[in-house]
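Given next are the chains, with one letter for each unit.
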Amino acid sequence: KFQLTATLEGHSDVVMSVAFSHDGSFLLSGSDDKTCRIWKLPDTSQVRTLQHDFHVFAVAISSDDKTIACGGGEAVVLWAADSSSGSDPLRRLDMQGDVFSLDFSPHGSTLAVGCDIDGGSSIRLWDPTTGEPLGESEEIRGEYIWHLRFSPDGANLVSSHDTTARTWDTALLQ
């Protein structure tokens, strides 16, 4: 049997997404209250609140734990995880559809974004350092992209949909 160790309170609406840092030093949460919050571990104290323009449906942390992504509405906002880097975002990636899912590649060179666009969906790949688009999948009609995960080597991406999971070859981007 496992035990509850902490309840993190601070959001004023539903928490839609959470992620642990890879080194285990912090946790990131995203909420319908239009914020992402960084929580220090192990004491679970709230370190920062990051304001987003939209409800936050997805959060992700780069493998080096230096960059966090908060996605919702028609934007993904990238922030430095370290508060000493200032309070301004590193960059904003504007989408033409609602963001439902995010994942950084293992090497941190690619950010995958699952977007809903007028009844169809697509996966968009971005360079998180420059903010430049790297590619886009074919349109997927009638299904949201609920989750995205890169394979450990970054050569593949898996996406989950209403009744299916799909794999994508991303090796050319490495």
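Everything below is about the structure printed above this text.
Here the structure is a predicted model, which is why all the values come from computation and not from measurement.

Student: Tell me about the side chain of Thr-110, and please be specific about residues and values.
Tutor: Looking at the element boundaries, Thr-110 is found in the loop between β9 (98-104) and β10 (111-117). Aside from chain neighbours lying at most four places away, what touches Thr-110 is Asp-103, Phe-104, Ser-105, Leu-125, Trp-126, Pro-128, Leu-134 and Phe-150.

Student: Provide a residue-level description of the sheet that holds strand β8 (residues 91-94), including the pertinent values.
Tutor: Here we have 4 strands laid out as an open sheet, ordered β5-β6-β7-β8, and antiparallel in their pairing. On the outer flanks of this sheet lie β5 (58-61) and β8, each paired with one strand and no other. Going from strand to strand, the sheet's axes swing by 15° on average, the running direction of each strand aside. One ladder, built from 6 bridges, connects strand β6 (residues 67-72) with strand β7 (residues 75-80); its direction is antiparallel. Bridge assignment links Ile-68 to a residue of β7, and that residue is Trp-79.

Student: Account for unusual backbone geometry, with residues named and values stated.
Tutor: In this chain, Leu-41 is followed by Pro-42 through a cis amide linkage whose omega measures 10°. Within the secondary structure, Pro-42 is located in the loop between β3 (35-40) and β4 (46-51). At Lys-34, a position not held by glycine, the phi torsion is positive, near 70°. With respect to the secondary-structure elements, Lys-34 resides in the loop between β2 (26-31) and β3. Residue Lys-34 is classed as partly exposed on the basis of its relative accessible area, which comes to 33%. At Thr-44, a residue that is not glycine, the phi angle is positive and equals roughly 60°. With respect to the helices and strands, the residue Thr-44 is situated in the loop between β3 and β4. Here Thr-44 falls in the partly exposed class, since its relative accessible area comes to 22%.

Student: Please give an account of the environment of Leu-4 that cites residues and values.
Tutor: Mapping Leu-4 onto the fold places it in the segment before β1 (15-20). Separated by 58 residues in sequence, Leu-4 and Ser-62 have C-alpha atoms that sit 27 Å apart.

Student: If you had to explain the nonpolar core to someone new, which residues and values would you point to?
Tutor: Ala-69, Val-76, Met-95, Leu-102, Leu-111 and Val-113 are the most contacted members of the largest nonpolar core, which totals 15 residues. Residue assignment for this core shows that the elements contributing at least two residues are β5, β7, β9 and β10. Those residues in contact with Met-95, other than ones at most four positions away along the chain, are Glu-74, Ala-75, Val-76, Val-113, Cys-115, Arg-124 and Trp-126. By size, the runner-up hydrophobic cluster in this structure holds 14 residues, among which are Ile-68, Cys-70, Trp-79 and Ala-81.

Student: So, the state of the cysteines: which residues are in play, and what are the values?
Tutor: Formally, a disulfide is one covalent bond, and it connects the sulfur atom of one cysteine to the sulfur atom of another. Here the structure, examined in full by the defined rule, presents 1 disulfide. Two residues, Cys-36 and Cys-70, share a disulfide whose sulfurs are 2.2 Å apart. One end of the pair, Cys-36, is in strand β3; the other, Cys-70, is in strand β6, with 34 residues separating them in the sequence. By relative accessible area, Cys-70 is classed as buried at 1%. Cys-70 provides the cysteine sulfur closest to Cys-115, a residue in no disulfide bond, and the two sulfurs are 15 Å apart.

Thresholds, definitions, all that
Residues numbered from 1 in each chain as written. Predicted model: local features only at pLDDT ≥ 70, side-chain atom pairs only at ≥ 80, totals over all residues. Heavy atoms only, no water. Helix = DSSP H or I, 4+ residues; strand = E, 2+ residues; numbered from the N terminus. Contact = heavy atoms within 4.5 Å. Pairing = 2+ DSSP bridges. Axes fitted to C-alpha atoms, helices over the stretch in contact; angles between N-to-C directions. Buried < 20%, exposed > 50% of the residue type's maximum accessible area, 1.4 Å probe, protein only. Core = buried A, V, L, I, M, F, W, Y, C linked by side-chain atoms within 4.5 Å. Disulfide = S-S within 2.5 Å.

Keep in mind these values describe shape, not function.
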